[in-house]
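Chain by chain, the residues:
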Amino acid sequence: MKILIVEDEQELLQSMVSFLKGSGMTCDMATNLNDAVEKIDMSDYDCIVLDIGLPDGSGLKLIEELQKKDHQTGVVIVSARNSLEDRLTGLNIGADDYVTKPFYMPELVARIKSVFRRRSFQGQNEIIHNELKVIPDEMLMYVHEKLISLTKKEHELLLYFLSNSNKVLTKESIAEHLWGDHADMADSFDFIYSHIKNLRKKITDNGGKDYLKSIYGVGYKFSNE
Amino acid sequence: MKLLNVTNRYYIAIALALLLISSAFLSYRVFDLLDNEISEHMLFEKMEIEKQLSAQRDIQGINFVIGDKIEIEPLEKFTTFRVSLVDTIKFDPYEDAVVPYRRLSYEQLIGEDSYRITLWKRLSETEGLFSGVAFTLLLVAIDIIACFYFLNRWFSKRVWKPFYRALSGLKHFDLHKGERISFQRSEIEEFNTLNVELSKLTDKVARDYQNLREFTENMSHETQTPLAIIRSKLELLVQSEKLDSEQLGHIKSALDSVNRLSKMNKSLILLTRIENDQYNIAEALNFSQLIRRHLDKFDLFISSRELQLKLNLEENVWIKINPNLADILLSNLLSNAIKYNTIHGELKIDLTSSQLKISNSGAPLTIEGDQIFERFKKGDQPDSVGLGLAIVKKVCDHCSCDIHYTYRDDRHVFTIEFPVEKVIDEEEA
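The present account deals with the structure reproduced in this document. (Residues numbered from 1 in each chain as written. Chains lettered and ligands numbered in written order. Predicted model: local features only at pLDDT ≥ 70, side-chain atom pairs only at ≥ 80, totals over all residues.)

**A closer look at the overall build of chain B**
- A tally of helices and strands in chain B yields eight helices and twelve strands.
- Among the 429 residues that make up chain B, the fraction classed as buried is 20%.
- Expressed as a percentage of contacts within chain B between residues at least 6 apart in sequence, the contacts between residues at least 24 apart total 66%. (Helix = DSSP H or I, 4+ residues; strand = E, 2+ residues; numbered from the N terminus. Buried ≥ 20, exposed ≤ 12 C-beta atoms within 10 Å, placed from the backbone. Contact = placed C-beta atoms within 7 Å.)

**Regarding the nonpolar core**
- In this structure, L4, V6, C47, V49, L50, V76 and I112 of chain A are the most contacted members of the largest nonpolar core, which totals 69 residues.
- Counting residues per element, this core draws most heavily on helix α5 (residues 105-121) of chain A, which supplies seven residues.
- Not counting residues within four places of it along the chain, the set of residues in contact with V49 of chain A comprises I3, I5, V6, M16, V76, V78, L108 and I112 of chain A.
- The next biggest cluster of nonpolar side chains, apart from the first, holds 44 residues, and it includes I269, F301, W318 and I358 of chain B. (Core = buried A, V, L, I, M, F, W, Y, C linked by C-beta atoms within 7 Å.)

**With respect to helix α2 (residues 33-42) of chain A**
Residues and elements named next belong to chain A.
- Among the residues making up α2, those that are buried are L33, A36 and I40. Looking straight down α2, one finds that the buried residues subtend no more than 60° of arc, so they occupy a single side. Along α2, exposed side chains directed more than 90 degrees from the buried face belong to E38, D41 and M42. (Arc of directions from axis to C-beta.)

**Digging into the interface of chain A and chain B**
- Contact residues are listed per partner, giving 31 residues for chain A and 32 residues for chain B.
- Of all the secondary structure elements, the ones that give two or more residues to the side of chain A that touches chain B are α1 (10-22) and β12 (168-170) of chain A.
- In terms of residues, the side of chain A that touches chain B owes the most to one element, α1 of chain A, which gives seven residues.
- For the side of chain A that touches chain B, the per-class residue count stands at 16 nonpolar, seven polar and eight charged. (Nonpolar A, V, L, I, M, F, W, Y, C, P; charged D, E, K, R; others polar.)

**Remarks on the sheet that holds strand β9 (residues 132-135) of chain A**
All names here are of chain A.
- Taken in spatial order, the four strands line up as β8-β9-β10-β11 in an open sheet, and their pairing is antiparallel. Each edge of the open sheet is held by one strand with a lone partner, namely β8 (127-129) and β11 (146-149). Taken pair by pair, the neighbouring strands of this sheet meet at an average axis angle of 25°, ignoring direction.
- Summarising the sheet, β9 and strand β10 (residues 140-143) pair through four bridges and their orientation is antiparallel. Bridging across to β10, V134 finds its partner in M141.
- Helix α6 (residues 152-163) rests against β8, β9 and β10 of the sheet, and its axis sits at about 115° to β9. (Pairing = 2+ DSSP bridges. Axes fitted to C-alpha atoms, helices over the stretch in contact; angles between N-to-C directions.)

**Looking at the sheet that holds strand β7 (residues 318-321) of chain B**
Residues and elements named next belong to chain B.
- What the three strands build is an open sheet, ordered β5-β7-β12; its pairing is antiparallel. One side of each edge strand has no neighbouring strand; the edge strands of this open sheet are β5 (283-286) and β12 (423-424).
- Where β5 lies against β7, four bridges are found, and the strand directions are antiparallel. Bridge pairing in β7 places L285 opposite I319.
- Contacts from helix α5 (residues 287-297) reach β5 and β7, with the element oriented near 60° to β5.

**A short note on unusual backbone geometry**
All names here are of chain A.
- That bond from K101 to P102 is cis: its omega, -10°, falls within 30 degrees of zero.
- Assignment of secondary structure puts P102 in the loop between β7 (97-100) and α5.
- Phi is positive for N130, which is not a glycine, with a value near 50°.
- Assignment of secondary structure puts N130 in the loop between β8 and β9.
- On the basis of neighbour count, N130 is assigned to the exposed category, with 12 C-beta atoms found within 10 Å.

**A few points about α6 of chain A**
- Its twelve residues place the ends of α6 of chain A 17 Å apart at the C-alpha level, agreeing with the 16 Å of an ideal helix rising 1.5 Å per residue.
- Along α6 of chain A, the positions that sit buried rather than exposed are H155, L157, L158, L159, Y160, F161 and S163 of chain A. (Expected span 1.5 Å × (residues − 1).)

**What to know about the packing of helix α3 (residues 189-238) of chain B against helix α4 (residues 245-275) of chain B**
All names here are of chain B.
- α4 packs onto α3 with a crossing angle of 155° between their chain directions and a minimal axis gap of 9 Å. Comparing the axis directions of α3 and α4 gives the class roughly antiparallel. Regarding α3 and α4, the two cross each other, and that crossing is left-handed.
- The residue makeup of the contact of α3 with α4, split by class, is twelve nonpolar, eight polar and four charged. (Parallel < 35°, antiparallel > 145°, perpendicular 65-115°, else oblique. Left-handed = near helix turned anticlockwise from the far one by under 90°.)

Everything listed here is a matter of coordinates, which is why it stays silent on function.
What follows is the structure, encoded as C-alpha cells:
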C-alpha cells in the first residue's frame, strides 16, 4: 500500500512514517501543500494522510487537486481542529475519513486500511489471517471455514486488531476505537478485557490459535503466529 | 436603601433636631421675657400704688387706677421693708377653678398706720401664649421639612443623573458580549472623573478577559501538536520487542499522563468554543428522543454497573437549542451520573416541558455543592479531569437555561430549567 503523508510537523511526520512502515505500508512525505501537489502529480497513491493546517494553504486544496485527476486515492484528514464544520467540509469535499489530533497511531492505520478496503473492493473483500477470515461489513468470522457470529463490539475489536496485527495496542487506543468520546467511562477497560476474553474463546474453541496476547497491563497484541 | 433616601433621611433628622432645639430655646426665651415683663409690670404698679398711697393720710377714698386685684389689710405694726414676689395658685370664682397667680406683697405706712398691700396677677394668659408659639413653630417646622424633602429630591435627581446613568451602564455590562460602555459627559467634574476611570477599568477588564480567552485557546491548540508527537513516540516505543515489564510500566504511566493532558485540552477547547459563541445556530430538537438515543450509547455501562434505570420522560418535548450543545450537555450529564453511580444504584431521569432532572445514587460530595460546576473541582475523583460539569454549566449559561445541583436522599440531583421561550409546541416544531 502506497501512502502519502502530508504534515508540516516534522516529528509527527517521522512518527507516522515509522508506524505506517512498521505496518507494511510504503510512505512518501510532504511538509507543505506545494510539495504534496507535485507528489500527487508524479505518482498515484492508495491513500493520502492529510493535515489541514499547512504553512502554505489549507490541505482541503489538495483534495480539490486530487478530484481533477481521476484516480482511486483515499484521503484521511488529520486535523487539530475538532469542529463539526471542518469535519463536514472535509468529508463533503471528498475526504474519506477524519481523525483529530492527538490521535492513536493504530487508529490511523485502521482508518487507512478501512478506506483502502472500501475504495478498492467496494467493501466486498475479506480479511484473511491464517485460519481466520473476517468479512468487514458483516458481523461474521470464519475459523477454519466454520461460521461464527460476533457481537458488534467483538467484530469492531477484531477488525482493529487485524488492521494492526503484531502491534501493541494500548488499552486507551482500544477504548477510544470502540467507544469514541465515551472511552473514559471509569470501567471501560474491564469491558475491553471481557470482550477480548470472549473473542479469544470464540477463536480457540473453534480450533483457532490463541493470537491475543496481553502485554503487561499496557495493552494487547494480535500476533502473527 | 437608595442614595436619595439616605441623604434625605439625614437632612430631615438634622432639620428636626435643629427645629426642636431652636423652638425650645425660642419658647424659653419668649416665656422668660414675658415673665420678667410681668414682674417688672407688678413692681411698676407697686411704685404707682406707693406713690398714690404716700400722698394719703388714711386709706379712705383711695381709687387705684390699675386693673389688677389689690388687697389692703391693716397691720399691728410695720415689720419689714421687704417686698415678696412669688408664684402661687388661687381660686378664681369666675372660672370656678384654681389658676396660677403671681403675688406681690409689701408693707407700707400710710400716715401712722401700717398696711400690707398685696397685688395679684393672673398668669394663665402666658401659658396660652406659650402653646400658641409652640403650635406656630410646629407648622413652620413641617413646612420647612416638606420643602427640604422635595427640593432635595429634585436637586439630587438632577445632580446625580450622570451617576445613575453610569450605574445602569455598568449593570448591563457583559464581558462576553465584548461591548464598551459609553458614558455621557456631565457638568460635574467628579462624575466625569469617575466615568473616565470606569471606562479605563472596564476596558482593561475586557482586554484582560479577551487576552485570557485567546491565551487559553492558543495554549490548548498549540499543545495539541506536541501532545500528538509525544503520544506517537510512546506508541512507537511500546512496539519495541526489547522492553521489559518495568520499562513498559514507565511508558504506560507516560501514556496515561499524555491522555489526561489531551482530554483536558479537548475540554478546554470546547469551553472556549462555547464562550466564543461558535455554537450559535439553534434548532428545535425532540429532547425525549435525544435522551433515549444517548441512553442507548451508554447501555453497556448502565448494564455493567447493574443500574436501575427509572425513566419518566414526557413525550415530544421540543427544545430550541444548538444540536452540538444538546449532545455535549446530555452526554456529560449522563456519563457523570453513570460514572459516579454506585453498583446497583439508581439512575433516574425526569423530563417535562419545563425541566430535566437527572439523579443518581452516590455518596455525598467532599466539596461544597455550588463548587461542583467550577473548573478543576473534582472532589475525591482523582481520575477525572474536572471539566465535565464546568462544560455543562457553560452550555446551560449559553442557552440561558438554569441548572442547579442538590443532594437529597443519598442522591445527586441535577435540575435544568428550560426557559419558556426555548420550549416549542409540537405543532410549531
